[in-house]
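Overview (structure and organization)
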Amino acid sequence: MRDDVLETDYLIAGAGAMGMAFADTLVSETKADMIMVDRHAKPGGHWNVAYPFVRLHQPSAFFGVASRELSRFEKDQVGMNKGLYDLASGPEVNAYFDDVMQQTLLPSGRVRYFPMSEYRGDGVFKSITNGRETTVKYKKFVDATRLTVDVPAEHTPAFTIADGVKFMPLNNLPNLKEAPRAFVVIGSGKTGMDACLWLLETGVEPDAIRWIMPRDSWMLPREFAQPAPEFFASTFGNQANQFEAIAGAADLDDMYARLEAAGCVVRFDETIKPTMFHAATISQAELQALRRIKNVVRMGRVTALERDCIFLEDGEIETAPDILHIDCSASLSRTMKTMEPKPVFDGNIITPQTVRSFMPVFSGSMIAYVDAHYTDEEEKNKLCSVVPLPNTAEDFVHMTLAAMMNQFTWSQDDTLRRWIRENRLDGFSKLTHGVDRDDQEKMAILMRLRDNAPKAVGKLMELASAL
Ligand SMILES: Cc1cc2nc3c(=O)[nH]c(=O)nc-3n(C[C@H](O)[C@H](O)[C@H](O)COP(=O)(O)OP(=O)(O)OC[C@H]3O[C@@H](n4cnc5c(N)ncnc54)[C@H](O)[C@@H]3O)c2cc1C
């Protein structure tokens, strides 16, 4: 088959949230030409195949691309996010990324988009519909596939499933035609929590849910990450509490004890020490609802699902053919193990990764900005030092330390600081910048932040070297 040959400044593989945030900022900040390639039919990456009842777990105000608002800036009036700012649903996120592509990127005349195309490396991609290969001659290659999310609808579970077992990814739950006798939710990450919450919201009794929880996790209260001045005291007060808790910690366990006592982290069961931290963000109402589920199985991961028995790493439990098993076992942590640490900028290859904790899209936008305005590779990598994705409870230390170091580096560069403040994906700097110096309550919080940040960094270094 004939090879097409195209030329561009930036070849971007992956049109998920990271690739889109990167391309959008490059359109605003440069005159560069771009080609975007993705195997999905629409932009938005994993959101194309997310479960129907998915929502963001952080406010919409912090998600999407820099040039287009996603949030309605309305607080939920009902439901488990009541009183907190809106969380876009999956369909809203998909429609949003489609709008970004159709209304911003393509009309710029500088972006060519190839959906349904598999990137094969070395500038070559192949159309999934017509089978044609295209070679792209590029100045820079952007690998926005690195954080590709492993989702239940697409992954192969890491356990065997015998014939006759009732089993489905949580995506299929809304297609149920009749109630099974009971449910087994496999997986305790955010997806597992969402499956449990959905079942409870649809009226399933907590006792009809058995929750397989290989690891307990530390979670972040959503009440403390809100994008409006009325939440200033809770959002920044929480940040100050966090720095104080870290600064005073004797060791890792003591750090978590202090963080929990200050309300900065929560856990499902206060008698069990969590070993996982994926930065799942949860409201108090959601946490209380989940705690109604008492039938929790802590025997490690599932190894095999038989008709009458579930085999786990540390034991086995009974099941039955009229019990529905829900797969929530997909997780980025399974793919993370294969990821070698990588600088964001390496010659003409750019690998967008998180440079601020919990903020992948801000990171994608920031990396594009740095590429557009800085030339020295060492400086660029210093500004975009990778903040490692957390998996275990220990990872909180490395992640928070790297994020605080980046924050300090950025604060030394006036132009960059101003750009960050104006970027809608940042959300927080605007709030602190606008504080009236006579507002004693807010100034007191900012002082606590300023005083405790260096102490927290010192302690995190100490903890990190002991891990
Ligand atoms: C349930 C859930 C809720 C979330 N909520 C939030 C939130 O509230 N706030 C927040 O900031 N983040 C949230 N996230 C994270 C965020 O949505 C993204 O997952 C994260 O930004 C990573 O996006 P990505 O673009 O790197 O990955 P993906 O979305 O996986 O995109 C990567 C893209 O690359 C494509 N690709 C990979 N390899 C190839 C190839 N060889 N050829 C062609 N295409 C390829 C994939 O098909 C995919 O479209 C959430 C994630 C999940 C799963």
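All values reported here derive from a predicted model rather than from experimental measurement. (Residues numbered from 1 in each chain as written. Predicted model: local features only at pLDDT ≥ 70, side-chain atom pairs only at ≥ 80, totals over all residues.)

1. Focus: the pairing of strand E18 (residues 323-327)
Convention followed: Buried means a residue has 20 or more other C-beta atoms within 10 Å of its own C-beta, exposed means 12 or fewer, and partly exposed covers the counts in between; C-beta atoms are placed from the backbone. Only DSSP runs of H or I covering at least 4 residues are called helices, and only runs of E covering at least 2 are called strands; the numbering of each starts at the N terminus. A pair of strands counts as paired when DSSP detects no fewer than two bridges linking them.
Extensive coverage of E18 is indicated by the burial of five of its five residues. The side-chain alternation of E18 yields two buried faces, one formed by Ile-323, His-325 and Asp-327 and the other by Leu-324 and Ile-326. With three bridges connecting them, strand E8 (residues 167-169) and E18 associate as parallel partners. Its bridge partner being in E18, Phe-167 is matched across the sheet by His-325. Bridge count between strand E9 (residues 182-186) and E18: five bridges; the pairing is parallel. For Phe-183, the partnering residue across the bridge sits in E18 and is Leu-324.

2. With respect to the domain arrangement of the chain
Note the cut-off: Domain delimitation follows an automatic or database domain assignment. Remark: residues whose backbone-derived C-beta atoms lie within 7 Å of one another are considered to be in contact.
Along its sequence, the chain is organised into domain 1 (4-150 + 335-406) and domain 2 (160-334). Just the C-alpha atoms count here: the centres of domain 1 and domain 2 sit 27 Å apart. Between domain 1 and domain 2, the contact holds 28 residues from the first and 33 residues from the second. Elements represented by at least two residues in the side of domain 1 that touches domain 2 include exactly helix H7 (332-336) and helix H10 (395-411).

3. So, helix H1 (residues 17-29)
Threshold: Helix span, as expected, comes to 1.5 Å for every residue beyond the first.
An ideal rise of 1.5 Å per residue puts 18 Å on 13 residues; H1 measures up with 18 Å between its terminal C-alpha atoms. Among the 13 residues of H1, 11 are classified as buried, and the element is accordingly described as predominantly covered. Of all the residues in H1, the buried ones are Ala-17, Met-18, Gly-19, Met-20, Ala-21, Phe-22, Ala-23, Asp-24, Thr-25, Leu-26 and Val-27. Lining the buried residues of H1 we find strand E1 (4-13), strand E2 (34-37), helix H2 (90-105), strand E3 (111-114), strand E6 (133-143) and helix H8 (360-373).

4. Quick notes on the packing of H10 against helix H13 (residues 440-466)
Just so we agree on the cut-off: With axes taken as lines fitted to C-alpha atoms, and helix axes fitted only over the stretch in contact, angles between N-to-C directions fall between 0 and 180 degrees. An angle counts as roughly parallel when it lies under 35 degrees, as roughly antiparallel when it exceeds 145, as roughly perpendicular when it falls between 65 and 115, and as oblique in every other case. Crossings are sorted by hand: turned counterclockwise from the far helix by less than a right angle, the near helix makes the crossing left-handed, and turned clockwise it makes it right-handed.
The contact between H10 and H13 brings their axes to 9 Å, and the two run at 140°. Taken as axis vectors, H10 and H13 run oblique relative to one another. Considering the relative orientation of H10 and H13, their crossing is left-handed. Where H10 approaches H13, its residues Val-397, His-398, Thr-400, Leu-401 and Met-404 are matched on the opposing element by Ala-453, Ala-456, Val-457, Leu-460, Met-461, Leu-463 and Ala-464.

5. Some thoughts on the site of the ligand
Test applied: What makes a residue near a molecule or strand is its C-beta atom, placed from the backbone, lying within 6 Å of it. Three classes are used: nonpolar for Ala, Val, Leu, Ile, Met, Phe, Trp, Tyr, Cys and Pro, charged for Asp, Glu, Lys and Arg, and polar for all others, with Gly counted as polar.
Close to the ligand lie 29 residues; Gly-14, Gly-16, Gly-45, Leu-56 and Pro-360 are nearest. Sorting the residues of the shell around the ligand by element identifies H1, strand E4 (117-121) and H8 as the ones contributing at least two each. Here the shell around the ligand is built from residues that sort into 15 nonpolar, 10 polar and four charged.

6. Structural notes on the environment of Thr-134
Of note, Thr-134 is situated in strand E6. A count of 18 C-beta atoms within 10 Å places Thr-134 in the partly exposed class. Sequence-wise, Thr-134 and Gly-189 are 55 residues apart; in three dimensions their C-alpha atoms are separated by 39 Å. Other than its neighbours up to four places away in sequence, Thr-134 contacts Asp-4, Leu-6 and Phe-125.

7. Points about the sheet that holds strand E11 (residues 217-221)
Across the sheet, three strands lie side by side as E12-E11-E13; this open sheet has mixed pairing. The sheet is open, and its two edges are formed by strand E12 (266-267) and strand E13 (276-282), each paired on a single side. Sheet analysis places E11 next to E13, joined by four bridges and oriented parallel. Counted as the bridge partner of Trp-218 is Phe-277 from E13.

8. Here we look at the pairing of E9
So the rule is basically this: Orient the strands so they point away from the viewer, and a crossover whose first-strand-to-second-strand path over the helix runs clockwise is right-handed.
Counting buried positions over the five residues of E9 gives four, a clear majority of the element. Sheet analysis places E9 next to strand E10 (residues 209-212), joined by four bridges and oriented parallel. Bridging from a neighbouring strand, Val-184 pairs with Arg-210 of E10. Since E9 and E10 lie parallel, the crossover through helix H3 (residues 190-201) that links them has a hand, and here it is right-handed.

9. With respect to the sheet that holds E9
Read from one edge to the other, the open sheet built from five strands follows the order E8-E18-E9-E10-E14, with strand pairing classed as parallel. This sheet does not close on itself; its edge strands, each paired only once, are E8 and strand E14 (296-297).

10. Description of the nonpolar core
The following threshold applies: Remark: nonpolar core denotes a set of buried Ala, Val, Leu, Ile, Met, Phe, Trp, Tyr and Cys residues whose joining runs through C-beta atoms within 7 Å.
Grouped together as the largest cluster of nonpolar side chains are 120 residues, with contacts concentrated most on Ile-12, Phe-22, Ala-23 and Val-185. Ranked by residues supplied to this core, first place goes to H1 with eight residues. For Val-185, the residues in contact, after removing those within four places along its chain, are Gly-192, Ala-195, Cys-196, Ile-209, Trp-211, Ile-212, Ile-326 and Cys-328.

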